[in-house]
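# Structure at a glance
The lines below spell out each chain.
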Amino acid sequence: MTNPSRVRPAWGARTRTAPRLAPYVCVTPAVVLFVLFLLLPIGYALFMSFQKSQVSGLGLGAGARRQVFAGLSNYATELTDAAFTSSLLRVVIYSVILVPVMLGLALLFALLLDARRVRLQRFSRLAIFLPYAVPTVIASLLWGFMYLPTVSPFPPVLARLGLTMPNLFTTHVALLSVANIGVWGGTGFNMIVLYTSLRSVPAELYEAARIDGASQTQIALRIKIPMIAPALVLTGVFSVIATLQVFNEPQTLAPLTNTISPDWMPLMRVYDLAFNDNDVYGAAALSMMIAVVMFILSYSLLRVSNRRVFQGR
Amino acid sequence: MKLIPHGHRAPASSPRGRRRRPHPVSITGAVAGAALAALVAAGCSSSSSTPASGGSSSASSSGKVTLTFWTWVPNMDKIVAIWNKAHPGIQVQVQSQSGGDAELTKLLTAAKAGNPPDLAQVEYQVLPTLVSNNYLADISKYDAGLKGDFPAGNWNQVTLGTSALYGVPQDAAPMALFYRADEFKRYGLTVPATWAQFAADAAKLHSEAPGVYLGTFSSADPGEFAGLTQQAGAQWWSASGSNWTVGIDDAASQKVASYWQSLVAGGGVDNQPQWTAAWDKGMNDGKYIAWVSDIWAPSDFPTTAPGGAGKWVMTQLPQWTSGSGVVGNWGGSSTAVMAASKNQQAAAQFAAWLNTAPAATAALVSQGGIYPADSAAESAITSPPAYFSNEPDFWTLGKQYAAEAAKVTWGPDVNVAYTEFTTAFGSAAASKGSFLSPLAQIQSTVLNDMKKSGFTVAAS
């Protein structure tokens, strides 16, 4: 730095290369983080999915267990596991029940709030949104307590009406009981998204419709819903993705009932394998398959809806 | 959920619920979300939820050693304080766990990640699992001299019948029957000495008071069922040479399964899992008037049924043959040193102190509410637990049951068997169907799991 004749060319060189270097410098942190915390772990999980643990002898003592190459055997085991296939079927049914109900309610509430002359609008909006702010584990505990007849507040009320509380944890009803927690927690958020989208519809459209003599219902059906279709698609896709990953609710409810087994949902099965059965290799293989299915599903959902809603725009 | 929480329940809000928020409205993209799942599955993310879990100990410049210790014995920090005061050079730091099952899950993951504590409370039935993964240190060169302090049965569980030593026995866990003396009187039931009488009581109770039960068959408690089968003579695992034999579906286990199936079907025994809020309420308000449990139950009763002090009474587990005097084991644990610990000698020294020093075992009894395995400590306890102050001979009975406990060998994948138990018996209990098919299901799952890992294994 003391020799000005050396500083000068260096400065010149830097100005020349700066435009080429700058983008790389800027993008480096993101790339490094992406590689470190996404690509490497995925790569490691992929590696683990082709490994297995092999013991010799009784399997006790040092060096009795080694990690060896397993080929596709982990994948084959999990794919042919009856518990996994039934959990897969269960999660699809869960999604089919939950998503339409939740989005239907969210849309209904959004339309009601958007209609004119609704009293207590701000309060209602907050009240509907509030369950979303309750962590799912706490929500599940809360509902779990309400579902168990002996600690639930409902049986005494029902008894006054001459009714008894049904068992909410039978094999088939349990799915609805879990879905109910999802609807309760998720409706508010989707309602806000749809409502925000409704607010951005130009007011002239409604004016024109009213001049043409359209009723509120007609406006809702013919103008509002088509105008917010992109938002509906978006919330729909995200909801499907999220419901297929359901974990917190059933995992929290599982100790309360015989019906919800440790492998009740696909992600519970992953957890079960990794932590209960101490088989991280099988868990990695299962995770890979779930990741691929999720990727294909969400990609095709988005493509199909893009074509239909946005007309390829 | 599965492995026995040694009577100390894993709260439903245990760490396993704490994860990403898979809400129906999550804005996480599919790929990122699935990748996260993969991450978790691969165990890359440190699963330890204890903020201070620095893993292995660290020796500071002054030569002071700090050991981390995972345990779920209540008030262990107070017991450890006695040691810390006397041993300024070896400081032990207690990291409290919610229960046996939750701790095992964390321990397996932390050990795989190379970041376990120095010491851990380990239930006897999972010792082989940890040993077979090479996660436990052989402390025979430090603590082998303690052999004479413990009953042979307990010592055999921590050596796995080898010359190595994988832990110091902490508590013995013989099973016992607890019943509500006042309710038994009210319904005119006799305190059952045999399982036949227990079944007769269940039938009588059901006809007199449907909705009141002699306890419940809990699919959440494989260890309880395993203990009952031990009493009947079952050996779920046995080893000879380099071969394992699995006898989960043997005649003794089938006898026990059929017995409980008929009780559940008859309505005298409930089919709901234990350790839930509903179960607590039932234990407290007289819906459940008997509990097949264990010597450690006094540490659970005050929270489970606070209103029942002085009403619950412990008696011997009903027998298959009148007057035979055999009971099973449910839980029970040891203090083990992890292989990854850098201070195994100090840790082994602490483990020995905790379970044999009179000051420590006395505190374990009075503060931790556990029944010590150490023979000398066992004789030293006299006054009954506060909850059972109506039963002055409580510990005399305890000593008798401990001597009657069946010998047991645990296999290297008890965790797999126990998880499968929850699944298989969960649906069987819910439907009040056959209890024999879940037993066969557990047997085949365990056999497959062991074969997959390369064990030489056969069915008995």
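All figures in this text were calculated on a predicted structure; none of them were measured in a lab.

Counting its regular elements, chain A contains 13 helices and 2 strands. Of all 313 residues assigned to chain A, the portion counted as buried reaches 43%. Once local pairs closer than 6 in sequence are excluded, the contacts in chain A between residues at least 24 apart make up 65%. Total accessible area computed for chain A in this model is approximately 17000 Å², and 70% of it derives from carbon and sulfur atoms.

With that settled, consider the sheet that holds strand β12 (residues 456–459) of chain B. Residues and elements named next belong to chain B. The strand order β7-β8-β12 describes an open sheet built from 3 strands, whose pairing is mixed. The two strands at the open ends of the sheet, each matched to only one other strand, are β7 (237–240) and β12. Direction aside, neighbouring strands of the sheet carry axes that sit 25° apart on average. For β7 and strand β8 (residues 243–246), the ladder comprises 4 bridges, and the chain directions are antiparallel. Residue Ser240 lies in a different strand from β8, and its bridge partner there is Asn243.

Residues and elements named next belong to chain B. Within the secondary structure, Pro88 is located in the loop between α2 (76–86) and β3 (90–96). Look at Pro88 and you get exposed, because its relative accessible area is 55%. Sequence-wise, Pro88 and Thr66 are 22 residues apart; in three dimensions their C-alpha atoms are separated by 9.8 Å.

Now for the interface of chain B and chain A. The partner chain A presents 74 residues to the 65 residues of chain B that form the contact. Here chain B and chain A share an interface that buries about 6000 Å² over both sides, 62% of which is from carbon and sulfur atoms. Between the two partners, chain B and chain A, sit 1 salt bridge. At the boundary of chain B with chain A, the tally comes to 11 residue pairs in polar contact (both at pLDDT 80 or more). For the side of chain B that touches chain A, the secondary structure elements donating two or more residues are α1 (30–42), α3 (100–112), α4 (127–132), β8, α11 (277–285) and α17 (414–431) of chain B. Counting residues per element, the side of chain B that touches chain A draws most heavily on α1 of chain B, which supplies 11 residues. Of the residues in the side of chain B that touches chain A, the class split is 31 nonpolar, 25 polar and 9 charged.

All names here are of chain B. Taken in spatial order, the 3 strands make up an open sheet running β9-β6-β10, and their pairing is antiparallel. Where the open sheet ends on each side, the last strands, each with one partner, are β9 (290–294) and β10 (312–316). Strand after strand, the sheet turns through a mean of 30° between neighbouring axes, direction not considered. Looking at chain direction, strand β6 (residues 175–180) and β10 are connected through 5 bridges and run antiparallel. Paired with Tyr179 across the bridge in β10 is Val313.

On to the nonpolar core, then. One finds Phe178, Leu214, Trp237, Trp260, Trp291 and Phe301 of chain B to be the most contacted residues of the largest nonpolar core, which totals 136 residues. Counting the residues that make up this core, at least three belong to each of domain 1 (58–172 + 331–381) and domain 2 (175–329 + 409–459) of chain B. Apart from the residues lying within four places of it in its own chain, the contact partners of Leu214 of chain B are Phe184, Leu189, Phe198, Asp201, Ala202, Leu205, Gly268, Val269, Ile289 and Ala290 of chain B. One finds Val237, Phe247, Ala254 and Ala274 of chain A within the second-largest nonpolar core, a separate group that totals 49 residues.

The next subject is the side chain of Asp114 of chain A. Residue and element names in this part refer to chain A. Position of Asp114 relative to the elements: it lies in helix α3 (residues 82–114). Judged by its relative accessible area of 10%, Asp114 falls in the buried class. Looking at Asp114, its side chain comes within polar contact range of the side chain of Arg199, at 3.0 Å. Residues within four places of Asp114 in sequence aside, it is in contact with Tyr195, Leu198, Arg199, Tyr206 and Lys224.

Rules used in this analysis
- Residues numbered from 1 in each chain as written.
- Chains lettered and ligands numbered in written order.
- Predicted model: local features only at pLDDT ≥ 70, side-chain atom pairs only at ≥ 80, totals over all residues.
- Heavy atoms only, no water.
- Helix = DSSP H or I, 4+ residues; strand = E, 2+ residues; numbered from the N terminus.
- Buried < 20%, exposed > 50% of the residue type's maximum accessible area, 1.4 Å probe, protein only.
- Contact = heavy atoms within 4.5 Å.
- Areas by Shrake-Rupley, 256 points an atom, 1.4 Å probe, with all protein chains shown as cover.
- Pairing = 2+ DSSP bridges.
- Axes fitted to C-alpha atoms, helices over the stretch in contact; angles between N-to-C directions.
- Buried area = accessible area lost by both parts, 1.4 Å probe.
- Salt bridge = Lys/Arg side-chain N within 4 Å of Asp/Glu carboxyl O.
- Polar contact = N/O pair within 3.5 Å; in protein donor to acceptor, adjacent residues only side chain to side chain.
- Nonpolar A, V, L, I, M, F, W, Y, C, P; charged D, E, K, R; others polar.
- Core = buried A, V, L, I, M, F, W, Y, C linked by side-chain atoms within 4.5 Å.
- Domains from an automatic or database assignment.

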